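One-letter residues, chain by chain:
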Amino acid sequence: MLSPTNFKFTFSQIANADFGLAVNASTYTNYVDGKSDGTIAGIRLEVVLPSNRYEKISVKLPGQNPPLSPESFKENGSTYKVTFSPDFEGKFYKTSSGEYALSCKATTFTLEK
């Protein structure tokens, strides 16, 4: 049976463009048996999609030393044009309340000028 959870989407399919605008970043931690172990696993980048009604998505990027960090957004109104690696993947999942939500991840991103 077909379900939204069976499909994977590229960044351009979600964004209707090749780029987005990063507006915020935060760190996320590893989880073991459903509980955070406190170890930072990477950053979560909030990205606005101008070509898709300015929808906002969150993209997990594992690892350390990304080109942007949470401190990059300290200046009020800071935004950065970004593109994602070809391995970007967007998938829908069903929440505990039965609604669908979008989960996005990529290994790297690039700051565009």
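Residues numbered from 1 in each chain as written. Predicted model: local features only at pLDDT ≥ 70, side-chain atom pairs only at ≥ 80, totals over all residues. Heavy atoms only, no water.

What follows deals with the environment of E99. In this structure, E99 sits in the loop between β6 (89-94) and β7 (100-105). As for E99 and P4, which are separated by 95 residues in sequence, their C-alpha atoms are 11 Å apart. Apart from residues lying up to four places away in sequence, E99 is in contact with Y93 and K94. (Helix = DSSP H or I, 4+ residues; strand = E, 2+ residues; numbered from the N terminus. Contact = heavy atoms within 4.5 Å.)

All right, on to the pairing of strand β3 (residues 35-49) then. Moving residue by residue along a regular strand, the side chains alternate between the two faces of the sheet. Taken together, the 10 bridges between strand β2 (residues 20-32) and β3 define a ladder with antiparallel strand orientation. Within the sheet, the bridge partner assigned to S26 lies in β3 and is R44. In sequence, β2 turns back onto β3 through a hairpin of two residues, with D33 there showing a positive phi of about 55 degrees. Pairing geometry for β3 and strand β4 (residues 55-62), over eight bridges, is antiparallel. Looking at β4, one finds that R44 is bridged to K60. Where β3 folds back on β4, the antiparallel hairpin that results is connected by five residues, among which R53 adopts a positive phi of roughly 55 degrees. (Pairing = 2+ DSSP bridges.)

On to the sheet that holds β2. Spatially, eight strands are ordered β1-β6-β7-β4-β3-β2-β5-β8 in an open sheet, and the strand pairing comes out mixed. At either margin of the open sheet sits one strand with a lone partner, and together these are β1 (8-9) and β8 (109-111).

If you look at soluble globular proteins, the nonpolar side chains tend to sit buried side by side. L45, I57, V59, F84 and F88 are the most contacted members of the largest nonpolar core, which has 20 residues in total. Taken together, the elements giving at least two residues each to this core come down to α1 (11-15), β2, β3, β4 and β5 (80-84). The greatest single-element share of this core, amounting to four residues, is contributed by β3. Dropping the residues within four chain positions of it, I57 is found in contact with F11, I14, L45, E46, V47, L49, F88, L102 and C104. (Core = buried A, V, L, I, M, F, W, Y, C linked by side-chain atoms within 4.5 Å. Buried < 20%, exposed > 50% of the residue type's maximum accessible area, 1.4 Å probe, protein only.)

Purely spatial values, then, with no claim about function.
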